[in-house]
Amino acid sequence: MLDCGLSAHSVLNFLPLYPIPDWKPNKAAAWIPKNFSDPQIEGELNECMTNQVLVNSAPEFMTPLTKLVDFADIDVILVSNYMTMLALPFITENTGFKGVVYMTEPTLHIGKLFLEELVDFVEQSPKPNVAKYWKEILHLLPPPLCNSFKPHTWKQLYSLAQVNSSLTRVQMISYDQKIEITGALTVTAVSSGYCLGSSNWVIYLESKKLVYVSNTSTLTTHPRPMDQVNLKNADLMLLSSLTQAPAANPDSMLGELCLSVAVTLRNNGSVLIPCYPSGVVYDLFECLSSHLDSTALGQIPMYFISPVAHSSLEYSNILAEWLSQSKQNKVYFPEEPFPHAQLVKSGRLKHFKHVYTDDLWNDLRQPCVVFCGHPSLRFGDVVHFVEYWGTNPQNTIIFTEPEFPYLEALAPFQPLSMKAMHCPIDTSMNFTQANKMIKDLKPAVLILPERYAIPPAGFGHKNEFVIDQVDRKVLTIKRGEVISEKLDIKTVNVPFTTEMVVSVTLNELQSGLKASKFTAVLDTKDNKYKLDILRDDLLANKTTEPYLLETLFKKTYEWGQLDIDRFLRALTNEGVSDPKIEHNTHGYTIHLKSEDTLIQVDDKSTHIFCEKMDKNWRLKLRSIVMECLNSF
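Before going into details, it helps to say that this report is about the structure given with it. Computed from a predicted structure; not experimentally measured.

A few words on the overall build of the chain. Check the secondary structure of the chain and you find 17 helices and 31 strands. Its C-alpha atoms give the chain a radius of gyration of 34 Å, more than 25% over the compact-globule value 26 Å for 632 residues. Overall size of the chain, expressed as C-alpha extent along the three principal axes, is 115 × 70 × 55 Å. Taken over 632 residues, the chain has a buried fraction of 48%.

Below, the structure written as structure tokens:
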């Protein structure tokens, strides 16, 4: 299984969870469909000021489709980065899964922080009710609820115990390390340049090479750069996770964010930035602090609020081997690779676990910049800050994560006075970069999501937002669809044992062509093959057929085409007087009427069909054929 991402877009259909129990603004009224009176629906749905209907229940997530595959049948899961492992507990726990999960060290450590934060956000504000009946009357509900994709498959979040159990199945690997999977294939993780420890995967299956390109970046940021060399000339490439903001340039968006923050702070307002606990937020700390210094706003404090904030900041500074070269070089001076370490020491960047801690409110001074989650605005500390600062038009909320439509995220909080800005920063490859990469890597077959083959909604026929489909075979796939692509494996590598190699002596058959005769045992185990010397003891009591023994231990080996004239003379010498020859396009057929025998000869094979129930006659014919071939 390649990745196990969790789609959190479904949580936008639910009311927010407020982290402070006593703080629950009543901005949503109970709602039921018109002319509908079933009491089961009461209390399950609420309508916001924007007329959007939301579910009043604990949030539910879109998990990998369970009916496509039995998770108990999966031997291995390859995880590309910490954003593509958030569904792992749904797959490994209570499903019969007995396999292994491979990922890099940063993916494991930071992914664990993401999982723990998510569980903390949801569990700190439990909902007493679980809404279910609304899923039975989708046709009566307004959009976007009525357009929900298979809501019966949505699930409430896993527990912390399930998170810890799922992570016990993880084996950490390094870049370029070759991992053998059940003897059938070999996999290797190579840097994708997207985030700390992020990987693309190279899969070798006999003579075939497959590559899986997940979140990948060619930009110069803090992770180690993308490795393209190992992805070249694949027989099949699976492409996924291109930018979710194709029209937004990350550098331009970062510039707009810095300008907007500076303007808000000068007007005595504060800035709220919904974020994840790792990734782009590191770059935001660095760039924003530099910009504030350059605009005489360096005294403005920044707050990072997350139950895993401290661990995230610490981990980022001890994973030097996974960083870009410029960041690595700082470690040897010695110097912290990230500026946020110095920002923390100087007190400009302060981190707290929760919005309801006394330490935060004793320290908080405004104007300021607050980074906290969750970017969906449906749970986490950000929910409180949106309500707390939302009535002040001097404040600004800036959305940088492209995963969630910001107007839908803000819907349950309306009306809001604070300004809202959308600056999506997605460092994943855009379509122009992906097309250049594909052209350079030259895959024979390319598999990609169907939506990458057509321009996104609102962009008409702009070809810069699609993947080129020329010069190679391209297959597209939709969610929940199963496609098949045959790998034509014609050869299998079979190594010799050391004893076999020593026993082989090459004989020159003709100029430039050498061969050797040997008899060996083909050993097959766990999809691996090897040739070993045939020993007498292996045949003891196994057979009494003398011709089998003769074949196994014979001293000559035949090759080449059958000498037909020599063959006919040999038949005559054996008393066969009526051979009849018929020529055809591939060779010829010899009829031996008196012996009820038919011999078909072509360039590569000889077939004998004999009606006589006489094993000696068949062996005699076989010997004649062998004598009429070249041998060594």
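So much for the structure itself; the text now carries on.
Enumeration according to the criterion identifies zero disulfides in this entry. Of all cysteine sulfurs, the one in Cys 287 lies closest to Cys 258, which takes part in no disulfide; the gap is 6.1 Å. Since its relative accessible area comes to 6%, Cys 258 is described here as buried. Not engaged in a disulfide, the cysteine Cys 275 finds its nearest cysteine sulfur in Cys 372; these two sulfurs lie 6.6 Å apart.

Moving on, we come to the sheet that holds strand 16 (residues 349–352). Taking strand neighbours across the sheet as the criterion, the six strands line up as 16-15-17-14-18-19 in an open arrangement whose pairing is parallel. Each edge of the open sheet carries a strand with a single partner, namely strand 16 and strand 19 (419–422). In this sheet, neighbouring strand axes are inclined to one another by 20 degrees on average, regardless of whether the strands run parallel or antiparallel. Where strand 14 (residues 271–274) and strand 17 (residues 369–372) come together, four bridges link them in parallel fashion. Residue pairing for strand 17: Val 271 is matched across the bridge by Val 369. Packed onto the sheet, helix 4 (residues 250–266) meets strand 14, strand 17, strand 18 (396–399) and strand 19 and runs at close to 170 degrees relative to strand 18. Against the sheet, helix 5 (residues 280–294) engages strand 14, strand 15 (302–305), strand 16 and strand 17, with an angle of about 170 degrees to strand 17.

Within the span of helix 3 (residues 160–167), buried status applies to Val 163, Ser 166 and Leu 167. Angularly, the buried residues of helix 3 cover 95 degrees about the axis, an arc narrow enough to put them on a single face. In this fold, the buried residues of helix 3 make contact with helix 1 (88–92), helix 2 (105–123) and strand 8 (170–173).

In this section: the nonpolar core. Membership of the largest hydrophobic core comes to 96 residues, with the highest contact counts inside it found for Tyr 158 and Phe 371. The greatest single-element share of this core, amounting to eight residues, is contributed by helix 2. Judged by nonpolar contacts, the second largest core, of 22 residues, contains Met 226, Ala 434, Leu 441 and Tyr 452.

Next up on the list: the pattern of salt bridges. Counting across every chain of the model gives seven salt bridges. Between Asp 293 and Arg 348 there is a salt bridge, with the nearest N and O atoms lying 2.8 Å from each other. Note that Asp 293 is positioned in helix 5 and Arg 348 in the loop between helix 8 (340–346) and strand 16, a separation of 55 residues in sequence. On the basis of relative accessibility, which here comes to 17%, the residue Arg 348 falls in the buried class.

Of the pairings in the sheet, the one linking strand 24 (residues 520–525) to strand 25 (residues 528–533) comprises six bridges and is antiparallel in character. If you follow Leu 522 over to strand 25, its bridge partner there is Leu 531.

Across the sheet, which stays open at both edges, the seven strands sit in the order 9-10-11-12-13-20-21 with mixed pairing between neighbours. Taken across any chain shown, the strands that pair with only one partner, and hence form the sheet edges, are strand 9 (178–181) and strand 21 (473–477). Neighbouring strand axes in the sheet, compared pairwise and without regard to direction, differ in orientation by 20 degrees on average. When strand 12 (residues 208–213) meets strand 13 (residues 236–239), the two strands line up parallel, connected through four bridges. The residue of strand 13 that forms the bridge with Val 213 is Leu 239. Running at roughly 165 degrees to strand 13, helix 12 (residues 431–441) makes contact with strand 12, strand 13 and strand 20 (445–449) of the sheet.

This paragraph deals with the side chain of Lys 208. Mapped onto the secondary structure, Lys 208 falls in strand 12. Of the side chains with opposite charge, Asp 235 lies nearest to the buried Lys 208, which makes no salt bridge, at 4.0 Å. Not counting residues up to four positions away in its chain, the partners in contact with Lys 208 are Ile 203, Asp 235, Asp 488 and Ile 489.

Considering the arrangement of structural elements, one finds Thr 606 in strand 30 (residues 606–610). In this structure Thr 606 comes out as partly exposed when scored by relative accessible area, which is 32%. Between the C-alpha atom of Thr 606 and that of Leu 531, which follows or precedes it by 75 residues, the distance is 26 Å. Once residues lying within four places of it in the same chain are set aside, the contact partners of Thr 606 are Ile 599, Gln 600, Val 601 and Val 625.

With that out of the way, let us pick up unusual backbone geometry. Here Gly 373 and His 374 are connected by a cis peptide whose omega angle stands at 15 degrees. Looking at the element boundaries, His 374 is found in the loop between strand 17 and helix 10 (382–389). Cis geometry is adopted by the peptide bond preceding Pro 415, which originates at Gln 414 and carries an omega value of 0 degrees. In this structure, Pro 415 sits in the loop between helix 11 (406–410) and strand 19. Here Lys 442, not a glycine, exhibits a phi torsion of approximately 55 degrees, which is positive. Mapped onto the secondary structure, Lys 442 falls in the loop between helix 12 and strand 20. Relative accessible area serves as the criterion here: at 52%, Lys 442 is assigned to the exposed category.

Applying the stated criterion to the full structure yields 17 aromatic pairs. Ring geometry for Trp 361 versus Phe 385: centroids 6.0 Å apart, planes at 20 degrees, classification stacked. On the criterion of sequence distance, the pair formed by Trp 361 in helix 9 (residues 358–363) and Phe 385 in helix 10 is long-range, its members being 24 residues apart. These aromatic residues form a ring-pair network of at least three members: Trp 361, Phe 385, Tyr 388 and Trp 389.

Right, let's get into the packing of helix 16 (residues 564–573) against helix 17 (residues 615–627). Helix 17 packs onto helix 16 with a crossing angle of 145 degrees between their chain directions and a minimal axis gap of 9 Å. Crossing of helix 16 against helix 17: the hand is right-handed. For the pair helix 16 and helix 17, contact is made by Arg 566, Phe 567, Ala 570 and Leu 571 and by Leu 621, Ile 624, Val 625 and Glu 627, respectively.

All right, on to the side chain of Thr 264 then. Examined against the element boundaries, Thr 264 turns out to sit in helix 4. Looking at Thr 264, the relative accessible area reads 4%, which means it is buried. The contact partners of Thr 264, leaving out residues within four places of it in the chain, are Gly 269, Ser 270, Val 271, Gln 394, Asn 395 and Thr 396.

Below, the discussion takes up the environment of Ser 252. Locating Ser 252 in the fold gives a position in helix 4. When the C-alpha atoms of Ser 252 and Pro 495 are compared, they prove to be 55 Å apart, with 243 residues separating the residues in sequence.

Scoring rules and cut-offs
Residues numbered from 1 in each chain as written. Predicted model: local features only at pLDDT ≥ 70, side-chain atom pairs only at ≥ 80, totals over all residues. Heavy atoms only, no water. Helix = DSSP H or I, 4+ residues; strand = E, 2+ residues; numbered from the N terminus. Rg over C-alpha atoms; globule rule 2.2 N^0.38 Å. Buried < 20%, exposed > 50% of the residue type's maximum accessible area, 1.4 Å probe, protein only. Disulfide = S-S within 2.5 Å. Pairing = 2+ DSSP bridges. Axes fitted to C-alpha atoms, helices over the stretch in contact; angles between N-to-C directions. Contact = heavy atoms within 4.5 Å. Arc of directions from axis to C-beta. Core = buried A, V, L, I, M, F, W, Y, C linked by side-chain atoms within 4.5 Å. Salt bridge = Lys/Arg side-chain N within 4 Å of Asp/Glu carboxyl O. Lys, Arg positive; Asp, Glu negative; His and termini not counted. Phe/Tyr/Trp six-rings, centres within 6.5 Å; stacked < 30°, edge-to-face > 60°. Left-handed = near helix turned anticlockwise from the far one by under 90°.

In short, geometric facts, not functional conclusions.
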